[in-house]
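Observations on chain architecture
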Amino acid sequence: MHVRSQRRITAALIIAGLTLAVAAPALAQDESPEPDAAVVAADGDLASQLPAEVRGLPLEPQTFSGSAILENADMSDPEQAQDVADFQALLDGLGVGLDDVTLVSASAFDEQGGVLAFGMQVAGSDADSFVEPWALLYSSGEYEDPQLEETELGGTPVSSITDAASDYAPPSYAYASGDVVWLLLGDEADIIAVLEALP
């Protein structure tokens, strides 16, 4: 797995409520991380939107309640504390709380590539209302100057997320559907396979 992609996946999982102690060792071996039992939420409806596999690789979703972010963040770590503050500011701007949020993460990688799908559901909301702030918050830790642009991928309308300050950073994609925004990164063909399965 590309080092940049591994770092981005680790960061995304931390935002979802996992700690580095859980996420990093598995990602270093190109495996999906085992979830901490304290952060797993029972939300089969959200997880079931994802395909079961990509290129024969199992895509096993892990869902998290919004409150798990606070429960599992190390607030003595300045970076994690800032991530939590930024995430809470995003929710405040939407007029919702952590209890209104469910997150799901699923990844599948091998030596040929792979994909990470990371979704945020804000119950009863319109995903179009938070696709831009959520995508920019997610990418701000990796891209120096993140930019969103409406485009299509495999015939599906998405927003591409690129770094205006770099010619080398690979793009991510944001896809809004119902009350869920999906953030997708990885190989384009694998991302398209996930998009084709999402509602």
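Residues numbered from 1 in each chain as written. Predicted model: local features only at pLDDT ≥ 70, side-chain atom pairs only at ≥ 80, totals over all residues. Heavy atoms only, no water.

In this section: the packing of aromatic side chains. According to the stated counting rule, one finds two aromatic pairs in the structure shown. On the numbers, 5.7 Å between centres and 65° between planes, the contact of Phe 87 with Trp 134 is edge-to-face. Here the residue Phe 87 occupies a position in helix α5 (residues 78-94), and Trp 134 occupies one in helix α6 (residues 131-139), the gap between them amounting to 47 residues. Ring geometry for Phe 118 versus Trp 134: centroids 5.9 Å apart, planes at 45°, classification tilted. Taken together, the positions of Phe 118 in strand β5 (residues 113-122) and Trp 134 in helix α6 put the pair 16 residues apart, joining distant regions of the chain. (Phe/Tyr/Trp six-rings, centres within 6.5 Å; stacked < 30°, edge-to-face > 60°. Helix = DSSP H or I, 4+ residues; strand = E, 2+ residues; numbered from the N terminus.)

A few words now on the environment of Gly 178. For Gly 178, the location among the structural elements is in the loop between β8 (172-177) and β9 (180-186). A C-alpha to C-alpha distance of 8.8 Å links Gly 178 and Gln 121, two positions 57 residues apart in sequence. Leaving out residues up to four positions away in the same chain, Gly 178 has contacts with Ser 125, Asp 126 and Ala 127. (Contact = heavy atoms within 4.5 Å.)

Our focus in this paragraph is the side chain of Gln 121. Within the secondary structure layout, Gln 121 lies in strand β5. Within the structure, Gln 121 has its side chain in polar contact with the side chain of Asp 179 (distance 3.2 Å). (Polar contact = N/O pair within 3.5 Å; in protein donor to acceptor, adjacent residues only side chain to side chain.)

Attention now goes to the nonpolar core. Residues Phe 87, Leu 103, Met 120, Trp 134 and Leu 183 are the most contacted members of the largest nonpolar core, which totals 30 residues. Going through the elements one at a time, α5, β4 (101-110), β5, α6 and β9 are the ones with two or more residues in this core. Within the second largest apolar cluster, 23 residues are counted, among which are Val 104, Ala 108, Val 158 and Tyr 175. (Core = buried A, V, L, I, M, F, W, Y, C linked by side-chain atoms within 4.5 Å. Buried < 20%, exposed > 50% of the residue type's maximum accessible area, 1.4 Å probe, protein only.)

Residues of the protein with pLDDT of at least 70 account for 77%, and the chain-wide mean is 78. When pLDDT is averaged over each helix and strand of the protein, the minimum, 31, is found for helix α2 (residues 20-28) and the maximum, 95, for helix α7 (residues 188-197). In this model residues 1-43 is a low-confidence stretch, pLDDT under 50, and it forms 81 contacts with partners more than four residues away in sequence or in other chains. (pLDDT = per-residue confidence, 0-100.)

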